Amino acid sequence: MTVRTMPLSDVRVVELGQLLAGPFCGQLLGDFGAEVIKVEDPAKGDPMRQWGREKPYGKSLWWPVVARNKKSVTCDLRSAEGQELVRELVKHSDVLLENFRPGTLERWNLAPEQLWEINPRLIVTRVTGYGQTGPYAARAGFGSIGEAMGGIRYVTGSVDEPPSRAGISLGDSLAAIHATLGTLVALHERERSGRGQVVDAAIYESVLAMMESMLPEWQITGYQRERTGPVLPNVAPSNVYPTKGGESVLIAANQDTVFGRLAAVMGRPELTADPRFATHSARGEYMAEIDALIAEWTADQDPDELLAALHAGGVPAGRIYRAKDMFADPHFAARDAIVRLTDPGLGEIAMQNVFPKLSATPGQVRSTGPALGSSNDDIYRGLLGLDEDHLNRLHAAGVI
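Being a predicted model, the structure only gives us computed values, none of them experimental.

Caption draft 1: A look at the overall build of the protein chain. The secondary structure content of the protein chain amounts to 17 helices and 11 strands. Here the C-alpha coordinates of the protein chain stretch approximately 85 × 50 × 40 Å along the principal axes. Counting only residues that meet the buried cut, the protein chain has 45% of its 400 residues in that class. Within the protein chain, counting contacts between residues at least 6 apart in sequence, those at least 24 apart form 68% of the total. Working note: accessible area of the protein chain is about 20,200 Å², and carbon and sulfur atoms make up 54% of it. If you average the places of the 40 positive and of the 50 negative side-chain charges in the protein chain, the two averages end up 3 Å apart.

This is the structure we're talking about:
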């Protein structure tokens with residue numbers, strides 16, 4: 001695989017976290033060229049090496065994705081010798097990334113203030129459930145709790161069922177994206193100030209950031225958003241509709257002009273003059289009626305023919321994809337949305353590519369998740385300059 005000069009190729013990241021929220025941030029930085037040195041427990045490594053439902057050859061299919069583009073070194077962070085290795089790494093690095101409970105770095109003598117004495121330009125990116133301050137800071141915080149506290153669980157699911165969840169680790173991923181954003185902002189600011197700072201990314205706040213106008217709706221009007229299944233209140237038509245053969249199609253035509261296009265495709269242009277459907281607000285009030293009309297029309301349509309007509313008419317519509325649909329879709333193929341690599345333990349493996357796409361300096365998946373400690377020699381000997389005797393002593397003591 002050709003390795004290009006990449007936009008973050010001058011950034012070195014020491015990743016101390018495990019599981020998902022911190023490591024996904026490391027993945028995103030590595031996707032755009034940062035050298036990500038993942039520090040793992042010498043005994044068992046990151047638990048993500050074992051996570052996931054499917055394990056061909058006894059290997060996780062999650063690990064090759066979340067640890068892609070990274071180097072792996074082993075280090076016992078609970079030992080004084082291991083902590084000293086981290087301090088040595090910090091001297092040569094731009095970012096320290098971690099997602100332990102607040103106070104953990106401090107117990108290990110790796111507090112930001114101590115690290116800045118070694119490298120005042122260091123960015124310390126900290127991902128936690130509740131943030132570094134506040135009465136809940138010391139609590140254990142998983143992504144699911146952040147989703148609940150941040151508000152998204154309450155509004156997810158069917159109206160007549162308890163709060164549901166997305167089938168992915170949404171809270172962790174949102175926290176990682178915000179941590180990545182904060183890290184890039186801090187790196188940019190460092191060019192002016194010459195100094196690093198702490199990036200404090202909390203899972204519940206990262207979820208809260210996505211909650212649109214939920215807070216002022218309650219504060220000003222007393223309106224509480226509720227679970228509404230596949231629709232948004234007062235936004236119509238935008239729903240999942242049946243087709244011939246049982247397949248569902250999602251149609252989103254809630255804007256006035258787009259609804260006019262949908263009415264034309266349906267052969268019902270008069271619907272745009274009906275007072276119940278003429279405006280966005282009216283269609284929101286008569287959502288059930290317009291959805292029933294559309295469902296009656298789509299139920300007798302072949303899904304392929306229906307989608308072709310809707311697309312030709314300028315109406316946003318599409319299938320609800322599963323993984324197998326993504327592999328078969330020509331648009332995914334044309335944009336290289338799925339990339340294939342060779343993994344030493346799994347053979348060919350497909351995964352999502354790097355997003356967003358940059359026109360001049362795009363990101364690239366250069367390697368799958370590394371073997372445990374596979375970069376010990378490269379980093380400890382090559383970067384830190386430790387001799388073989390020193391490395392042998394550390395290994396014998398279980399530090400690396």
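Caption draft 2: Region of the structure containing unusual backbone geometry. Here the amide bond leading from Ala-236 into Pro-237 is cis, since omega sits at -5°, within 30 degrees of zero. Note on placement: Pro-237 falls in the loop between helix 9 (214-221) and strand 7 (238-242). Omega for the peptide link from Phe-355 to Pro-356 comes to -5°, which places this bond in the cis form. Structurally, Pro-356 can be placed in the loop between strand 11 (347-352) and helix 16 (376-383). Of note, Glu-212 is a non-glycine position whose phi angle comes to about 55°, a positive value.

Caption draft 3: Representation of helix 16 within the structure. Along helix 16, the residues that are buried comprise Asn-376, Ile-379 and Tyr-380. For helix 16, the angular spread of buried residues about the axis comes to 95°, placing them on one side. Residues of helix 16 that are buried in the fold lie against strand 2 (35-40), strand 3 (70-74), helix 3 (80-91) and helix 17 (388-396). Residue Gly-385 follows helix 16 closely and has a positive phi angle near 75°.

Caption draft 4: Inspection of the sheet that holds strand 9 (residues 317-318) at higher detail. The three strands are arranged 7-8-9 in an open sheet whose pairing can be described as antiparallel. Taken across any chain shown, the strands that pair with only one partner, and hence form the sheet edges, are strand 7 and strand 9. Examined bridge by bridge, strand 8 (residues 248-252) and strand 9 share two bridges and lie antiparallel to one another. Within strand 9, the residue paired with Ile-251 across the bridge is Ala-317. In this fold helix 12 (residues 287-298) packs onto strand 7 and strand 8, with an angle of close to 35° to the strand it touches most, strand 7.

Caption draft 5: Region of interest: the packing of aromatic side chains. By the definition in use, this model includes five aromatic pairs. Taken together, a centroid distance of 5.1 Å and an interplanar angle of 75° make the contact between Phe-100 and Trp-108 edge-to-face. Each member of the pair, Phe-100 as well as Trp-108, is classed as buried. With a centroid separation of 5.9 Å and an interplanar angle of 75°, the aromatic rings of Tyr-130 and Tyr-136 are classed as edge-to-face. Chaining the aromatic ring pairs together yields one cluster made of Tyr-130, Tyr-136 and Tyr-204. The ring centre of Tyr-154 lies 5.1 Å from the NZ or CZ of Arg-227, which sits over that ring.

Caption draft 6: The arrangement of the nonpolar core in detail. Of all hydrophobic cores here, the largest spans 37 residues; its most connected members are Val-11, Val-13, Ala-34, Val-127 and Met-351. Broken down by secondary-structure element, the contributors of at least two residues to this core are helix 1 (21-31), helix 2 (63-66), strand 4 (95-98), strand 5 (123-128), helix 7 (170-193), strand 6 (198-202), strand 10 (338-343) and strand 11. With sequence-adjacent residues up to four places away left out, Val-11 is seen in contact with Ala-34, Glu-35, Asp-94, Val-95 and Leu-187. Grouped together as the second largest cluster of nonpolar side chains are 28 residues, Val-14, Leu-89, Leu-394 and Val-399 included.

Rules used throughout
Residues numbered from 1 in each chain as written. Predicted model: local features only at pLDDT ≥ 70, side-chain atom pairs only at ≥ 80, totals over all residues. Heavy atoms only, no water. Helix = DSSP H or I, 4+ residues; strand = E, 2+ residues; numbered from the N terminus. Buried < 20%, exposed > 50% of the residue type's maximum accessible area, 1.4 Å probe, protein only. Contact = heavy atoms within 4.5 Å. Areas by Shrake-Rupley, 256 points an atom, 1.4 Å probe, with all protein chains shown as cover. Lys, Arg positive; Asp, Glu negative; His and termini not counted. Charge placed at Lys NZ, Arg CZ, Asp CG, Glu CD. Arc of directions from axis to C-beta. Pairing = 2+ DSSP bridges. Axes fitted to C-alpha atoms, helices over the stretch in contact; angles between N-to-C directions. Phe/Tyr/Trp six-rings, centres within 6.5 Å; stacked < 30°, edge-to-face > 60°. Lys NZ or Arg CZ within 6 Å of the ring centre and 35° of its normal. Core = buried A, V, L, I, M, F, W, Y, C linked by side-chain atoms within 4.5 Å.

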